[in-house]
Every structure is written in C-alpha cells, then in structure tokens.
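# Reading the structure
What follows is the residue order along each chain.
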Amino acid sequence: MHPMLNTAVKAARDAAEIIQFGARNLDRLTIDSKGPGDFVTEIDRKAEETIVDTLLGAYPNHGIIAEEGSGNTRGNSGSDHIWIIDPLDGTTNFLHGLPTYCVSIALRVEGKLTQAVIYDPNRNDLFTSSRGAGAFMNNRRMRVSKTLKLRDALIGTGFPFRDGAAFDEYLTQLHRLMPKTAGLRRPGSAALDLAYVAAGFYDGFWEMKLNQWDMAAGALLIMEAGGLVTGIDGEDSYMDSGSIVAGTPKIFPELLTTLQLKA
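In this text, all values refer to a predicted model and were calculated from it rather than measured experimentally. (Residues numbered from 1 in each chain as written. Predicted model: local features only at pLDDT ≥ 70, side-chain atom pairs only at ≥ 80, totals over all residues. Heavy atoms only, no water.)

### Regarding the sheet that holds strand β10 (residues 154-157)
Think of a sheet as strands paired side by side through backbone hydrogen bonds, with each pair either parallel or antiparallel. So the rule is basically this: When DSSP finds two or more bridges between two strands, those strands count as paired. Helix and strand assignments come from DSSP, with helices taken as H or I runs of at least 4 residues and strands as E runs of at least 2, each series counted from the N terminus. Helix axes are fitted to C-alpha atoms over the stretch in contact, other axes to C-alpha atoms as well, and angles between N-to-C directions run from 0 to 180 degrees. Any pair of residues with heavy atoms lying within 4.5 Å of one another is described as a contacting pair.
With respect to topology, five strands assemble into an open sheet ordered β11-β10-β12-β14-β13, the strand pairing being mixed. The sheet is open, and its two edges are formed by β11 (183-185) and β13 (228-230), each paired on a single side. Going across the sheet, the axis of each strand differs from the next one's by a mean of 15°, ignoring polarity. Pairing between β13 and strand β14 (residues 244-247): three bridges, direction antiparallel. Looking at β14, one finds that T230 is bridged to V245. In the packing of helix α5 (residues 190-199) onto the sheet, the strands contacted are β10, β12 (204-207) and β14, and the crossing angle to β12 comes to about 155°. Relative to β13, helix α6 (residues 212-224) is tilted by about 145°, and along the sheet it contacts β13 and β14.

What follows is the structure, given as structure tokens:
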C-alpha cells in the first residue's frame, strides 16, 4: 500500500472510532443546526480534527480542504498536495441512528486525484485506491459491474435538498430515468454510493449540488475499478460543478444521455 494511502487509512479508522463512540451516545451529543436537514455535531468536528492531525503529522506541508473548515486555518493552502476530507458523510443518517454513513479522504496532487479511502464503520468495509494501482474493498480487487443495459441497472442517487430550483430539475431527471432502470436507490451518503458503484453493487450513480469532499474519493475508486465519471455535461467538471454522473462503461452512455434530455 502506498505510504500516503496507509496514512489516510489510519486517519479514517481513528475518525471512525470517534464516530462510533458518538453513535453509542447519541442522546448526549450537542447538535448545532446549520440549516434545514444539514447538521453539524461535536463528533463531526472531533473526527475531522483527528484526520487532520494524522495527515499533517505525517505531511506537515500538505494542504487541507475539509467540510468543517480545518483547511482555512491548518495546512499549506498553496501546496501541490491537497487532502480533501469528509469526516462524516451521511450526518443526518448518523443523527437518526441509521447505519449508513462513512469517512471519506482523498488526496489531490497537482490537480489529479491520486489516493482515496472510504471507510464504513458499521459494516467494517474499507475501500481504497491509489492512482494506477486499482481499487480495493477489504483488500480484494474491485471491478465495476458487468451489467450491459440500463433497463437491468440499479442506479444510486441523492436529492439536491438544499436547492429548490435544482430539485425541480432533479424531479424531471428522476421521472425520465425511473421507468428505464431496474431500480433507483437513495441511502443518504454520496461517498458510500460512489464506493458502491466501484464495488459493482450499483451500476451507476448521479447527483447534483454535491461538494468536492462528497465526490473526490469515490470518483477515484470508480475510475480505478474500470468505471467512468463526468459531470452531467459529460465533461470533467464535476469537482467544480458538484453535478456528477458515474457508471460502468456499458451503462454510462445511456445514463448520461437520459439525464441530459431536455423536458
């Protein structure tokens, strides 16, 4: 395993210990509300702190982009090496005791994603990838599914719940796509959904209005597992636009075309 990936795995596991302690003591947590459906907890902040401590402890000159804002005050924002961190993807699930959430850590070097870790502490599933070296789930090589047609495909998604205008567009996409697939799923953790495309559990995924820490690790996992990832515009724009489409090489073209159709 690449030394930087090894460090990221340690950081993810340490953060997960804090998260699972929190899961066992949910009633004692102090919850701040950032807005409708968007919660931040003490656990989120502590988990992020642990990740950043571990990464900067090993690589003090690296930069940080993180959901809770550690990158604003810690790390070297001018570095070629930028860690992109979501300490707890699926916070709302976590707060309700629904065991679908994960830790997501990615490294971008000179603009290219090079390392990825997604860790699901409830199932003890560890998804890892280094650019050019394949993608792994619990140390076993992952490949995207062999499903050939969209009508046989299971597609993951998520609601753009913070943006009313995007939600109208999303409902149009949903309406168009639903009858063309074997089913759609929306569990509530985009990072884990992307890992599931890489693992072959889903045949594709799309979502709008995501942040880069929701997508970075999962995107590399999918590419290294033989899948395709673009923005809804079909370009390599997802890290900036927040709109992402991913899938197997066979499913992807029809999925993208269906999403791009105008009502």
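The rest of the description comes next.
### Details of the packing of helix α1 (residues 3-24) against helix α2 (residues 42-58)
For the record, the criterion: Should an angle fall under 35 degrees it is called roughly parallel, over 145 degrees roughly antiparallel, and 65 to 115 degrees roughly perpendicular, with every other angle called oblique. Helix crossings are classified by the rotation of the near helix relative to the far one: an anticlockwise turn of less than a right angle makes the crossing left-handed, while a clockwise turn makes it right-handed. Residues are grouped as follows: nonpolar covers Ala, Val, Leu, Ile, Met, Phe, Trp, Tyr, Cys and Pro; charged covers Asp, Glu, Lys and Arg; every other residue, Gly included, is treated as polar.
Put simply, α1 and α2 touch, their axes get as near as 9 Å, and they point 160° apart. Accordingly, the angle class assigned to the pair α1 and α2 is roughly antiparallel. Helix-helix and strand crossings are classified by hand; for α1 and α2 the assignment is right-handed. On α2, the residues that touch T7, A8, K10, A11, D14, A15, I18, I19 and G22 of α1 are I43, K46, A47, T50, I51, T54, L55 and A58. Here the residues of the contact of α1 with α2 are counted per class, giving ten nonpolar, four polar and three charged.

### Overview of the packing of aromatic side chains
Just so we agree on the cut-off: Two rings from Phe, Tyr or Trp (for Trp, the six-membered ring) form a pair when their centres are within 6.5 Å of each other. A pair whose planes differ by under 30 degrees is stacked, one over 60 is edge-to-face, and the rest are tilted. Accessibility here uses a 1.4 Å probe with only protein chains present; expressed as a share of the type maximum, an area under 20% marks a residue as buried, one over 50% as exposed, and anything in between as partly exposed. Criterion for a charge above a ring: Lys NZ or Arg CZ within 6 Å of the ring centre, and within 35 degrees of the ring normal.
All told, the structure shown has eight aromatic pairs when counted by the stated rule. With a centroid separation of 5.3 Å and an interplanar angle of 90°, the aromatic rings of F94 and Y101 are classed as edge-to-face. On the basis of relative accessibility, which here comes to 1%, the residue F94 falls in the buried class. The buried category is assigned to Y101, whose relative accessible area is 3%. Each ring, one from F159 and one from F167, has its centre 6.3 Å from the other, and the planes form 85°; the classification is edge-to-face. F167 gets classed as partly exposed once you look at its relative accessible area, which sits at 30%. Taking NZ or CZ as reference, R13 lies 5.0 Å from the ring centre of Y119, over its face.

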